[in-house]
Amino acid sequence: MAIVPLPINSYTGIFVITLLFAFLDGYSIGANDVANSFATSVGSRSLTYTQAVCIALFTEFGGAVLLGAANTGTIKDNIVNSAYFAARQDLLMTAFMCALIASSLWIMGCIRIGMHPSTTHSIVCALVGVGVAAYGTEAVNWGWNGRGVAYVVSGWVLAPTLSAILAGTIYGLTRFIVFSNPEHSLTRGIYSIPVYFTLTGFIVSFFVIMKNGRGDWGIAVGGNNPGGAVTLNGDLAKAFTIIGSMTGVILLFCVAFAIPFFMRRLVKEENLKWYHIFYIWFVPTQPRDENLAATLNEAMTPHIKLEGVETTTEVVEEVKEAAAAADAEVVEEKGHPAWIKFKKVALKGFYNDIAKDQYDSAKHLHQNVHLYDNKTEYLFSFLQVMTASFASFSHGSNDVANSVGPFAGVYSIWANGQLASNAKAPVPVWMLAFGGVAINFGLAFYGYNIMRNLGNNLTYHSPSRGFAMELGAALTVITAAFLALPVSTSQCIVGATLGVGIVGGNYKAINWKMFGWIALSWALTLPVASITAGGLFWLLTNVPSFTVAPKA
């Protein structure tokens, strides 16, 4: 059916409302998806909340603007047949608007009560709702092929299961290779750095380069169906040259800078700062850091519930004394009441220790894990930061365009009078920047909730565990891209956390109550988002109108 265009700049009200809720949707993605990318780093104390926000400010925004897709599918994976809307572009605008409203409100509501939904599945399910409300069940792809509704639902099991297996395997190998001999774990860890950094660098480089939206290469799956033939297409020589160069630089950096830095910092215990790693050959011999052990203990273990945890008596006493002093000290907040209220609500993450913030249901978790040498754990904090930063950059380059898909559709219809027949819409740079800003605002002002829940409230986090979680989740996404399996980054990081938690302790090291609450949000996304979006669409398109009088 031929597309019937609208007059240019029609329904400006719909465009404005969509603009507002597109920002809210981006805000919710920052508070949900980006927060889960950094939750393991903040939970293990490899990064502070402020540092995570500062890194994401550059990686998310830079990834979106520099590598974000120039075009995006407005209807994710064509789960709804856009041909039904060819003659009614006004209804398509309304459908996109309702989907964004339902999706953003559902995600924000989930975050508020401690749930952790998939933002991608939320917008997909919302589009299902408006498709059914507009043209019935025949307008929706309910099957497995073509990545329909059955494909999405299967991801609720496949994504966390696959990521749990991969992350658990990575952590199990790390325990065997590095931590199995406590007396030599530091030496093993230092000389394992080139292997870990290079392998991690290759994996994340491959993911960022092959999945970005601006390269003339990519991954294709035959028929867009699971099980279809997988091919790498485009200028692969150029792509792998970039990947190889990035990996080579990382390997060179490890051998030339990282190993000498860690030998001096952790073995010789010189008083070095983290930034000395970049010019370690020009840093003169520093005095011995007499407080290194105490500094690492304070950085790694103050959030642990100490009863039953394997650690030294000195660490226990130090942490207990620090906790008692903190409890005894009551500081009256100064400033205007409005500022104090704003700090408590919007800036909560900047002023509270997320790693220490535990629910009652999580207090037993740390009694069922094994703790290892803090010096060796410190090595993995650098790996973890690198992995989280690459994941954030990849998210910006990959998913920001998807997040503004419905908004791009409304803008295209408003500005041009119609949407392309393949349901693709151009994504101008300002729109990518708009999405990047919204995502960063969401992480900064509301990411605290997800970081707290996916941090030490789900299982115990340490740098080595967090690294395995992040790398396992990244590997799952890459594997899924090749096999065309339905995965969500939100579900992958949850599954990876479970896998590492079980391998690093036992099944009692997992807060199953918290996991059940998170899994419930996955199951409720389809009915809630679709019914909300569909009901809103039906209401807006069937209410009395000032312009059209009812016929007798």
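Being a predicted model, the structure only gives us computed values, none of them experimental.

Trainee: Please set out the packing of aromatic side chains residue by residue, giving values where relevant.
Mentor: Applying the stated criterion to the full structure yields 31 aromatic pairs. Judged by centre distance (6.2 Å) and plane angle (80 degrees), the ring pair of phenylalanine 407 and tryptophan 430 falls under edge-to-face. Remark: tryptophan 430 occurs in helix H14 (residues 429-446) and phenylalanine 407 occurs in helix H13 (residues 405-416); sequence separation between them is 23 residues. Given the relative accessible area of 40%, tryptophan 430 is considered partly exposed. Through pairs of rings, three or more aromatic residues link up here, namely Phe15, Phe23, Phe407, Tyr411, Trp414, Trp430, Phe434, Phe441 and Phe445.

Trainee: Any details on the nonpolar core? Residues and values, ideally.
Mentor: The tendency in soluble globular proteins is for nonpolar side chains to be buried as a group. Residues Phe38, Phe197, Phe262, Leu379, Phe380, Met451 and Leu454 are the most contacted members of the largest nonpolar core, which totals 134 residues. Excluding its chain neighbours within four sequence positions, the residues that come into contact with leucine 454 are Asn36, Ala39, His116, His461, Ile493, Val494, Thr497 and Ile518.

Trainee: Describe the packing of helix H3 (residues 89-112) against H13, listing the residues and the values that go with them.
Mentor: Between H3 and H13, the shortest axis-to-axis distance is 9 Å and the interhelical angle comes to 150 degrees. Our classification of the angle between H3 and H13 gives roughly antiparallel. Classified by chirality, the crossing of H13 by H3 is left-handed. Contacts between H3 and H13 involve Gln89, Leu92, Met93, Phe96, Met97 and Leu100 on the former and, on the latter, Pro406, Phe407, Gly409, Val410, Ile413 and Trp414. Within the contact of H3 with H13, the residues separate by chemical class into ten nonpolar, two polar and no charged.

Trainee: Tell me about the side chain of threonine 119, residues and numbers included.
Mentor: By secondary structure assignment, the location of threonine 119 is in helix H4 (residues 119-135). The class for threonine 119 is buried, based on a relative accessible area of 7%. Contacts of threonine 119, omitting those with residues within four sequence positions, involve Ile29, Asn32, Asp33, Ser103 and Ile107.

Trainee: Outline a nonpolar patch on the surface, listing residues and values.
Mentor: Together, Trp274, Tyr275, Phe278, Tyr279, Trp281 and Phe282 give the surface a local cluster of nonpolar side chains, amounting to about 810 Å² of exposed area. Mapped onto the fold, tryptophan 281 is located in the loop between helix H7 (236-267) and helix H8 (292-300). A relative accessible area of 59% places tryptophan 281 in the exposed class.

Trainee: Hey, could you go over the environment of glycine 168 for me, with residue numbers and the actual values?
Mentor: Checked against the element boundaries, glycine 168 lands in helix H5 (residues 149-179). On the basis of relative accessibility, which here comes to 8%, the residue glycine 168 falls in the buried class. Put simply, glycine 168 and methionine 469 are 301 residues apart on the chain and 7.9 Å apart in space, counted from C-alpha to C-alpha. Residues contacting glycine 168, with those up to four places away along its chain left out, are Gly499, Val500 and Val503.

Trainee: Go over the pattern of salt bridges, please, and point to the residues and values.
Mentor: Evaluation of the coordinates by the stated rule reveals six salt bridges. Here glutamate 269 ties to arginine 288 by a salt bridge, and the two come within 2.6 Å at their closest N and O atoms. With glutamate 269 in the loop between H7 and H8 and arginine 288 in the loop between H7 and H8, this residue pair connects regions lying 19 residues apart in the sequence. With a relative accessible area of 14%, glutamate 269 lands in the buried category. Here lysine 375 and glutamate 269 are joined by a salt bridge, their closest N and O atoms 2.5 Å apart. Pair noted here: lysine 375 is in helix H12 (residues 374-403) and glutamate 269 is in the loop between H7 and H8, with a separation of 106 residues, a long-range link.

Trainee: Which residues make up the packing of H5 against helix H18 (residues 512-542), and what are the values?
Mentor: Where H5 contacts H18, the two axes come as close as 11 Å, and the packing angle between them is 170 degrees. With respect to H18, the element H5 is oriented roughly antiparallel. Across from Val149, Val153, Trp156 and Pro160 in H5, the residues of H18 making contact are Trp522, Ala523 and Leu526. Of the residues in the contact of H5 with H18, the class split is seven nonpolar, no polar and no charged.

Trainee: Explain H7 to me, and be specific about the residues and the numbers.
Mentor: Over its 32 residues, H7 extends 43 Å from the first C-alpha to the last, a length consistent with the 46 Å expected when each residue adds 1.5 Å. Helix geometry: H7 is bent most strongly at cysteine 254, by close to 40 degrees. Looking at the residues trailing H7, positive phi occurs at glutamate 269, about 60 degrees.

Trainee: Could you give an account of the side chain of glutamate 269, with specific residues and numbers?
Mentor: Within the structure, glutamate 269 has its side chain in polar contact with the side chain of lysine 375 (distance 2.5 Å). The contacts of glutamate 269, once residues within four sequence positions are left out, are Arg264, Pro287, Arg288, Asp289, Leu292 and Lys375.

Calculation criteria
Residues numbered from 1 in each chain as written. Predicted model: local features only at pLDDT ≥ 70, side-chain atom pairs only at ≥ 80, totals over all residues. Heavy atoms only, no water. Phe/Tyr/Trp six-rings, centres within 6.5 Å; stacked < 30°, edge-to-face > 60°. Helix = DSSP H or I, 4+ residues; strand = E, 2+ residues; numbered from the N terminus. Buried < 20%, exposed > 50% of the residue type's maximum accessible area, 1.4 Å probe, protein only. Core = buried A, V, L, I, M, F, W, Y, C linked by side-chain atoms within 4.5 Å. Contact = heavy atoms within 4.5 Å. Axes fitted to C-alpha atoms, helices over the stretch in contact; angles between N-to-C directions. Parallel < 35°, antiparallel > 145°, perpendicular 65-115°, else oblique. Left-handed = near helix turned anticlockwise from the far one by under 90°. Nonpolar A, V, L, I, M, F, W, Y, C, P; charged D, E, K, R; others polar. Patch = residues over 30% accessible without salt bridge, like charges linked within 9 Å, V, L, I, M, F, W, Y side chains within 5 Å. Areas by Shrake-Rupley, 256 points an atom, 1.4 Å probe, with all protein chains shown as cover. Salt bridge = Lys/Arg side-chain N within 4 Å of Asp/Glu carboxyl O. Expected span 1.5 Å × (residues − 1). Bend = angle between axes of the 7 residues up to and from the residue. Polar contact = N/O pair within 3.5 Å; in protein donor to acceptor, adjacent residues only side chain to side chain.

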